[in-house]
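# Fold and geometry: a report
What follows is the residue order along each chain.
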Amino acid sequence: MSSLERLPPDQRAVLALVLQRGRSYDEIASLLAIDRAAVRDRALAALDALGPSEPHVPPGRRALITDYLLGQLPSRVRDETREHLANTPSERAWARVLASELTPLTDKPLPEIPSGPISAAPEPAAAPEPAAEPAAAPEPAATPEPAAIAGPAAAPEPAATPKADPKPPGPKPAARARSRGGGGILLAIAAVILIAVIVAIVANSGGSSPKKTGTTPRTTTGAKTTTTTAKTPSYHVVAEISLKPASKSSKAAGVAEIVTEGKATGVIVAADHLTPNTKHNAYAVWLSNPGGPSKLLGYVSPAVSKNGDLKTTGPLPSNVASYKEILITLETTTDTKTPGPTVLAGPLSLSG
């Protein structure tokens, strides 16, 4: 078993989100509604476990090197840390061990570990200034040319008529969502399964305190469809739910998958043919009981663009079985207590 595989699942998950998905500590904290410090603590614990058992590097410096290797430092602190690595052999050696352990997790190069002290290059000597040349004789005044004859003023161009956005392209409507091997929606589902499981693992691990969100809702974040060579964690699909439009004239269609990893449960949602978001609205995912209580899982971020596609993931509460429906709504406020206009809906069943 490799060193990475011996790490606790929540620490492996944080490393995967940072190195494979390009997430920052702040983004992971927002995604999971936990403190940023709790995310960083997992990263520090993971790299302490991967490094030499008796490091000759103070804890504060190890923390800075961890943030440096994971790309989490502002530019000024990053440059100072790199310079300190260059001039401190013990820190440089510790960082090289960590880099060799982290490399299998990412297909992008890690931040540079200098090979030795950085010496400033000597500045080239300034070239002597040439001797001043004698002042040139004044040129004779130019004979003025006749002025050009001005024609009539050009008429201003009419303002361009704004064109309506074309209908967003996307997969076929709901009636064909399961054709051709599952259609575009299920392909999108497959692309975000890894991050959904990671979200569920980290959100359900201990040792973190909930983040106070105030009027800003916590978001379920859309996953990037990037290619990765990492192994997909084992998971179990509990249910696959077809999400149908609330309006008969709508071409929107969606699929939600309920997945579990150990005791953690998460949801993966993908939809197409949705109306693009404006600056004044956002899509949200809810658990609901018709005529009864509802629970906001989060607002969808990033927003739906002109292609009309929505992809998002997030953890589910422990009482998910008490709800009967899963909804996608269109919201215009950030502190909504009840679902807004329903765009897509499907029956929530945890039995396949």
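Right above here is the structure, for reference.
Residues numbered from 1 in each chain as written. Predicted model: local features only at pLDDT ≥ 70, side-chain atom pairs only at ≥ 80, totals over all residues. Heavy atoms only, no water.

One pass over the structure, following the stated rule, counts eight salt bridges. Here R40 makes a salt bridge to D67, at a shortest N to O gap of 2.6 Å. Residue R40 is found in helix α3 (residues 36–50), and its partner D67 is found in helix α4 (residues 59–69); the two are separated by 27 residues along the sequence. Residue R40 is classed as partly exposed on the basis of its relative accessible area of 24%. A residue is classified by how much of its surface remains accessible, and D67, at 4% relative accessible area, is buried. When the shortest N-O distance is used, the salt bridge between R61 and E91 registers 3.0 Å. With R61 in helix α4 and E91 in helix α6 (residues 89–102), the pair connects residues that are 30 residues apart, well separated along the chain. The same class applies to R61 as to E91, namely buried. (Salt bridge = Lys/Arg side-chain N within 4 Å of Asp/Glu carboxyl O. Helix = DSSP H or I, 4+ residues; strand = E, 2+ residues; numbered from the N terminus. Buried < 20%, exposed > 50% of the residue type's maximum accessible area, 1.4 Å probe, protein only.)

Ranked by size, the top nonpolar core spans 34 residues in total, and within it L15, L69, L70 and L102 carry the most contacts. Of all the elements in the fold, those that place two or more residues in this core are α1 (9–19), α2 (25–32), α3, α4 and α6. The leading source of residues in this core is α3, at six residues. In this structure L69 touches L47, A95, L98, A99, L102, L110, P111 and I113, once residues within four positions along its chain are discounted. Counting 26 residues, the second-largest nonpolar core is a separate cluster that includes V238, L316, Y323 and I326. (Core = buried A, V, L, I, M, F, W, Y, C linked by side-chain atoms within 4.5 Å. Contact = heavy atoms within 4.5 Å.)

Where helix α5 (residues 75–86) meets α6, the closest approach of the two axes is 6 Å, and the angle between their N-to-C directions is 110°. Relative to α6, the element α5 is oriented roughly perpendicular. From α5, H84, L85 and A86 reach across to α6, where they touch E91, R92 and A95. By residue class, the composition of the contact of α5 with α6 is three nonpolar, one polar and two charged. (Axes fitted to C-alpha atoms, helices over the stretch in contact; angles between N-to-C directions. Parallel < 35°, antiparallel > 145°, perpendicular 65-115°, else oblique. Nonpolar A, V, L, I, M, F, W, Y, C, P; charged D, E, K, R; others polar.)

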